[in-house]
Amino acid sequence: MTLPLRDVSPGAAPPPAPVPSPTGRRRRRVTALAAASVLAAGLLGVVVGGGGTAAAGTVGAGSYTETLPPGATLPKGCGTLSTNPRIFATADAPAGAIPTNDWWSSLIWKRNNCGTSENLQAHPLAFKAENNGLGLSYNTTPAISGTATGVGEYHYPYTEDVRVGVAGLSAPVVKAADWTDWTVTADWSDGSRGMRATIGHGLPFSYYTVAGGGAAQLTAAATPTVWRNSGATIGFTVNGHDYVGYAPTGATWTVNGAGISSTLAGKGYFSVAVLPGGADRASLADTYGRYAHAHVTGTRMSYAYDPATGTVRTTYAFTTTRREGTETKTVVALYPHQWRSLTGATPITPTYVSPRGAMRVLAGVPSFTTSMRFTGVLPEVPAVGDSTGADLSTVTNYLNAELANPEGISGQDTYWAGKGLGRAARIAEIADQLGLAPVRDKAVAAMKARLTNWLTAGSGETSQLFYYDRNWGTLIGYPASYGSDEDLNDHHFHYGYFIAAAATVAKFDPGWADGTRYGGMVDLLIRDANNYDRTDNRFPYLRDFDIYAGHDWASGLAPFFAGNNQESSSEGMNFANALIQWGQATGNTAVRDAGVYLWTTQSAAISEYWFDVHDENFPAAFGHKTVGMVWGDGGSYSTWFSAAPEMIQGINMLPITGGHLYLGEYPEYVRANYAELLANKGGPPTVWQDILWEFLALGDGDQALRNFRANSGFTSEEGESKAHTFHWIRNLAALGTVDTSVTANHPLAKVFRKGTARTYVASNITAAPLTVTFSDGTTLAVPAGKTATSGAYAWSGGSATGGVTVPTGPPPTSTPTPTPTTASPTPTSASPSPSTSSPSTLKPVRYLRSGGGLDGTAGTAGTVNVAAANGNHDGTPTNPQVFTATGLTGTYTGGATAFDLAVDAGTAVGNGVQIRVSYDLTGNGSVERVETYRYFATDPVPGAERYRQTQGLLSSTGTLGNLSGGTVRVEVWNAIGGAPTILGVGNGSTVTLPYGS
């Protein structure tokens, strides 16, 4: 799960009001083949409407708009250069949609640095594009802060070792000239000199070409120790790290203090490599030298899912351009999730230090291949334990309580609407297993109605629709949330919920999912978040998925010192699972296989980089067994929205579905993770108990069930229900843990083991019976539309038989899931030093002034401190800074409040600042309108960020009207976090009132 800068992902902290997450997270979710072919033919873009917000494109019975809804926000880059993203790309850059959500995205977005980039975390090197060249950093020493029992983080921060450029070069803007699956080429030009540099994940080399005849210039951060200077090769050490520069044959290098230069014999190309370090650096420099002039100019991943063997083979191929000699192979460094699954190649001895753990080296390869086991997903765990007796009564009572509102929450934006859809999908699946048709049908009807509304953009419709932007190559749902519009954060988080719910609807109403109806629009959501079709240039290929890193990134623009980030890896997996389920339900094997690839690869990456199940990747002094967020340069035991251990750990568990059984592939780790929670919390969880117990059930189902029975009155997480929580825990207590040693020739299949007894499970969502074969030779006949089991439990939609004993107890009473609440409309805190305005000269733009004024003129730049939250105050002003204007008279223009606040929490993690604006239209002390906006999660990097109204309203009461001697009051406080926030005043922060004089 990113915020204004963030990747928002899930999780809301109690009270139940929705809370945003960081990385853009707030969390942060036909026949299909026919639909895919129609879409590929260019159906997106058929103009059918004119004025207002008429539908601009029809896709079957669905539609989207190309008219921006009123008040909606679009992506924006540096300054005013926001309408054309290609302003920071060269004329010869690749055609098609601009990539976003990548490790190098800040190079082309330039949100903070109009001419350069933020730090680009490629690994083993990090880079920074500066006006006079490319900075290189190989940091091998982690910076660790925080405590082992509380919020803490580790980073390998960018620390420049050397800058590579051309003598005299000073480019006003560094542009993106090319990009491939995991490389990018940056371009510098000042009119007379130019340079291009290609960098990428896993590349110890960076490759350069020079235009204008300038000399290559390497400027070390300190006087380097030169250990080789022989002809075209120079080896040197700076900051304890070994580098080698490789010039063309016939060239030499000259050393002058911290500067190293070469005329390149007039040939205009060279490369620079960082070595892993060690006594064999001279020999390694020779080995690398054999491949130094085979410049990597392209990368491409290909995958193949083989259902018969339950494997996913992924090949990572390199295209090279020979600058001289005959060599076409290269040197690459592999991440742990890659080298643990490597096939057909053997790494050489040296390893690189990286924020992801040790990177192993392959020398002299054109490509490499990994082979991973796909262990299967399910629509839902089977009802082997709650289909009879008292437990059937318990779950039935819970399910019947959902008849009134199976979605639970009523969020209007894409994230919270998605959460409600996900909740209803779980209820529908369980009710179907247990034969409760009224509950199932109510849940399916609710999902169908909400999805149909979102997937159509009728004439005049301005909300709950999708808008396609041709400039940015993206489909944005409005109302957006957590930067899914302005920053293109979290599309995989939000749309994954929609696609998963659509897959459940497709099972029970295949016609609804047909390409002639709504299947085509679902396919567009898939293509936007992670386009699986390389021939479709309307969207970038696999937008949110970092192919080489093996996982999603949440932030669309990566404007952070620490690189990109992602919080809720499990919501990313919700998207991957949704593709598997949708592809299987609609017969679209291309979508299904893309989902299998994403799911299999990312589950391996999560085990390594969020959970460190092998205890090898986190720095030893970090002191945690999990992180809440992965950053480009490290990880953090924190979230964007809460410091509670339950949420820090739970954010990478929810939503719990049959596609999240990967969380249980290491049962001993599940128990260790939960034990850390208890230690850090100082006792059992007091929020998100359902999520945490469901996770615990994957390692110790019996204990999880005891926890539930002893405390069934807890408040459900917003996307959960008591019905699903009980069903999940009760049945895993019977089934045991996930058995990854056995796979199946069908994607919707799983094996569980308790003691020595195995249970084989498979789901058939087609209209014909099928037989599933498991890798140990077991076969399972599955009736049409059913989930069936064999082994320890034999069950097919009725009563289960089996000999496993599980804890028992009285059935808990049903407790409805609360819906988000709104803040009290009564402003708090006295107003200091209010400002006044002449009734005839109301100025809509008001400046926050030191002393509490809300003036119509700017003052001297300054700052005030907003007190730390030290708790959760989302929606409720607590120790706010208050700014007031009185005596205002003006005509309401019909618009909305706007604001632009300069906020900075320094290096603090998990801070969120919030604003409330109150209108007393006549100044009589009676407040007619209160607007509370969603809080803004600040990044842990010093420097002001902009908090704007585009975060969206959290709640509002009353209506606006004309001002007659009225009062406007602005309150700014920290909703979450343990550190103060600096707020710019004087001329740094404004509120714009929707009034004319």
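None of these values were measured; they are calculated from a predicted model. (Residues numbered from 1 in each chain as written. Predicted model: local features only at pLDDT ≥ 70, side-chain atom pairs only at ≥ 80, totals over all residues. Heavy atoms only, no water.)

Asks: I'd like a rundown of the overall build of the protein, residues and numbers included.
Replies: For the protein, the count of helices and strands is 16 helices and 56 strands. Residues counted as buried form 64% of the 997 residues belonging to the protein. Accessible area of the protein: about 29,500 Å², with a carbon and sulfur share of 51%. (Helix = DSSP H or I, 4+ residues; strand = E, 2+ residues; numbered from the N terminus. Buried < 20%, exposed > 50% of the residue type's maximum accessible area, 1.4 Å probe, protein only. Areas by Shrake-Rupley, 256 points an atom, 1.4 Å probe, with all protein chains shown as cover.)

Asks: Can you tell me about the pattern of salt bridges, naming the residues and giving the values?
Replies: Considering all chains together, one arrives at 40 salt bridges under this definition. Between Asp536 and Arg538 there is a salt bridge whose closest N-O contact spans 2.6 Å. Since its relative accessible area comes to 6%, Asp536 is described here as buried. Judged by relative accessible area, Arg538 falls into the buried class, the value being 13%. Residues Asp900 and Arg948 are paired through a salt bridge, measuring 3.7 Å at the closest nitrogen-oxygen approach. With Asp900 in strand β47 (residues 898–904) and Arg948 in strand β51 (residues 945–948), this residue pair connects regions lying 48 residues apart in the sequence. With relative accessibility at 22%, the residue Asp900 sits in the partly exposed group. Accessibility expressed as a relative area gives 24% for Arg948, which makes it partly exposed. Each member of the salt-bridge network shares a partner with another, and the members are Asp523, Arg527, Asp533, Asp536 and Arg538. (Salt bridge = Lys/Arg side-chain N within 4 Å of Asp/Glu carboxyl O.)

Asks: Would you mind going over the packing of helix α13 (residues 667–681) against helix α14 (residues 689–696) in detail, with residue names and values included?
Replies: In the contact formed by α13 and α14, the axes pass within 9 Å of each other and the chain directions differ by 145°. Along its contact with α13, which presents Val670, Asn673, Tyr674 and Leu677, the element α14 presents Leu692, Trp693, Phe695 and Leu696. (Axes fitted to C-alpha atoms, helices over the stretch in contact; angles between N-to-C directions. Contact = heavy atoms within 4.5 Å.)

Asks: Break down the side chain of Arg450 for me, citing the residues and quoting the values.
Replies: Looking at where Arg450 falls in the secondary structure, it is placed in helix α7 (residues 437–454). Only 3.2 Å separates the side chain of Arg450 from the backbone oxygen of Gly411, close enough to count as a polar contact. When near neighbours in sequence (up to four residues on either side) are disregarded, Arg450 contacts Glu407, Ser410, Gly411, Ala417, Leu421 and Gln464. (Polar contact = N/O pair within 3.5 Å; in protein donor to acceptor, adjacent residues only side chain to side chain.)

Asks: Would you mind going over empty space enclosed by the protein in detail, with residue names and values included?
Replies: By volume, the second largest cavity amounts to about 70 Å³. Looking at the lining of the second largest cavity residue by residue, the classes come out as nine nonpolar, five polar and no charged. (1 Å grid on protein atoms, 1.4 Å probe; cavity = no way out; pocket = protein on both sides within 12 Å on 5 of 7 lines; lining within 4 Å. Points joined across faces, edges and corners; volume = space filled by probe spheres on them. Nonpolar A, V, L, I, M, F, W, Y, C, P; charged D, E, K, R; others polar.)

Asks: Any chance you could break down the layout of surface pockets for me, citing the residues and the numbers?
Replies: Considering only enclosed or pocket space, the second largest pocket measures out at about 510 Å³ in volume. Trp179, Asp181, Arg534, Pro540 and Tyr541 are the residues nearest the centre of the second largest pocket, which is lined by 26 residues in total. Secondary-structure elements contributing two or more residues to the lining of the second largest pocket are β22 (294–306) and β31 (545–546). Residue composition of the lining of the second largest pocket, grouped by class: twelve nonpolar, six polar and eight charged.

Asks: Hey, could you go over the side chain of Asp181 for me, with residue numbers and the actual values?
Replies: The residue Asp181 is located in the loop between β11 (175–179) and β12 (183–189) in this model. Taking the relative accessible area as the measure of exposure, Asp181 reaches 14% and is therefore buried. Here the side chain of Asp181 touches Met301 through a polar contact of 2.7 Å, landing on its backbone nitrogen. In terms of polar contacts, Asp181 uses its side chain to reach the side chain of Arg534, at 2.6 Å.

Asks: Which residues make up the packing of aromatic side chains, and what are the values?
Replies: Aromatic rings considered in pairs are described by the distance between their centres and by the relative angle of their planes. What the rule picks out here adds up to 54 aromatic pairs. An angle of 15° between the planes, with centres 4.7 Å apart, marks the rings of Tyr316 and Phe368 as stacked. Taken together, the residues Tyr316 in strand β23 (residues 311–322) and Phe368 in strand β28 (residues 367–373) connect sequence positions 52 residues apart. Exposure class is identical for Tyr316 and Phe368. Each is buried. For the ring pair Phe368 and Tyr548, a centre distance of 6.2 Å and an interplane angle of 90° mean the geometry is edge-to-face. Of this pair, Phe368 sits in strand β28 while Tyr548 is found in the loop between β31 and β32 (551–552), placing the two residues 180 residues apart along the sequence. Connected via pairs of aromatic rings, a cluster forms that spans Trp182, Tyr316, Phe318, Tyr335, Phe368, Tyr548 and Tyr609. Over the ring of Trp339 we find Arg360; its NZ or CZ atom is 3.6 Å from the centre of that ring. (Phe/Tyr/Trp six-rings, centres within 6.5 Å; stacked < 30°, edge-to-face > 60°. Lys NZ or Arg CZ within 6 Å of the ring centre and 35° of its normal.)

Asks: So what's going on with the sheet that holds strand β6 (residues 126–130)? Residues and values would help.
Replies: In space, the seven strands of this open sheet follow the order β5-β6-β7-β10-β15-β20-β19, with antiparallel pairing throughout. With one partner strand each, in any of the chains shown, β5 (120–121) and β19 (254–256) form the two edges of the open sheet. Where strand β10 (residues 162–166) meets strand β15 (residues 216–220), five bridges bridge the pair, whose relative direction is antiparallel. Residue pairing across strands places Val164 opposite Leu218, the latter belonging to β15. (Pairing = 2+ DSSP bridges.)

Asks: Could you give me a rundown of the sheet that holds strand β33 (residues 565–566), with the residues and numbers involved?
Replies: One open sheet holds the five strands; their spatial order is β8-β9-β35-β34-β33, and the pairing between them is antiparallel. The outermost strands of the open sheet, each flanked by one partner alone, are β8 (143–146) and β33. Strand direction decides the pairing type here: strand β9 (residues 152–155) and strand β35 (residues 634–637), joined by four bridges, are antiparallel. Looking at β35, one finds that Gly152 is bridged to Tyr637.

Asks: Explain unusual backbone geometry to me, using residue names and the numbers behind them.
Replies: The residue after Tyr478, namely Pro479, is reached through a cis peptide bond having omega 5°. Looking along the chain, the bond that leaves Leu654 and enters Pro655 is cis, with omega of -5°. Position of Pro655 among the secondary structure elements: in the loop between α12 (645–650) and α13. Despite not being glycine, Asp490 has its phi angle at roughly 60°, a positive value. Structurally, the position occupied by Asp490 is in the loop between β30 (474–478) and α8 (491–508). For Asp490, a relative accessible area of 0% translates into the label buried. In this structure, Ala558 is a non-glycine residue whose phi angle is positive, near 50°. Within the element layout of this structure, Ala558 appears in the loop between β32 and β33. Residue Ala558 is classed as buried on the basis of its relative accessible area, which comes to 2%.

Asks: Go over the packing of α7 against α8 with me, naming the residues and quoting the values.
Replies: Between α7 and α8, the least distance of the axes is 10 Å, while the angle of their chain directions is 125°. By the criterion of interaxial angle, the relationship of α7 to α8 is oblique. Here α7 runs over α8; the crossing is left-handed. Residue-level contacts link Arg440, Val444, Met447, Lys448, Leu451 and Trp454 of α7 to Phe498, Ala501, Ala502, Thr504, Val505 and Phe508 of α8. Each residue belonging to the contact of α7 with α8 can be placed in one class, and the counts come to nine nonpolar, one polar and two charged. (Parallel < 35°, antiparallel > 145°, perpendicular 65-115°, else oblique. Left-handed = near helix turned anticlockwise from the far one by under 90°.)

Asks: Can you explain the environment of Asp900? Please cite residues and give values.
Replies: Sequence-wise, Asp900 and Ser989 are 89 residues apart; in three dimensions their C-alpha atoms are separated by 5.6 Å. Residues within four places of Asp900 in sequence aside, it is in contact with Arg946, Tyr947, Arg948, Gly988, Ser989 and Thr990. Only 2.7 Å separates the side chain of Asp900 from the side chain of Arg946, close enough to count as a polar contact.

Asks: I'd like a rundown of the pairing of β6, residues and numbers included.
Replies: Of all five residues in β6, five are buried; the element is thus mostly enclosed. Examined bridge by bridge, β5 and β6 share two bridges and lie antiparallel to one another. Each residue of the ladder has a partner; that of Leu120, found in β6, is Phe127. In terms of strand pairing, β6 meets strand β7 (residues 133–137) through five bridges, oriented antiparallel. Within β7, the position partnered with Lys128 by the bridge is Gly135.

Asks: Before we move on, can you summarise α7 with the specific residues and values?
Replies: For α7, built from 18 residues, the straight-helix expectation of 26 Å at 1.5 Å per residue is met to within 8% by its first-to-last C-alpha distance of 26 Å. Every buried residue belonging to α7 is among Val439, Ala443, Val444, Ala446, Met447, Arg450, Leu451 and Trp454, and all of these are buried. Viewed end-on, α7 has its buried residues packed into an arc of 160°, placing them on one side of the element. Each element contacted by the buried residues of α7 is listed here: α5 (389–400), α6 (414–433), β29 (465–469), β30 and α8. (Expected span 1.5 Å × (residues − 1). Arc of directions from axis to C-beta.)

Asks: Let's hear about α6: which residues, and what values?
Replies: Taking 1.5 Å of rise per residue, the 20 residues of α6 would be expected to cover 28 Å, and the 29 Å separating its terminal C-alpha atoms lies within 8% of that figure. Its side-chain oxygen 2.9 Å from the backbone nitrogen of Tyr415, Asp413 forms the N-cap of α6. Downstream of α6 by a residue or two, Gly435 has a phi angle that is positive, lying close to 75°.

Take it as geometry only, folks, not as evidence of what the structure does.
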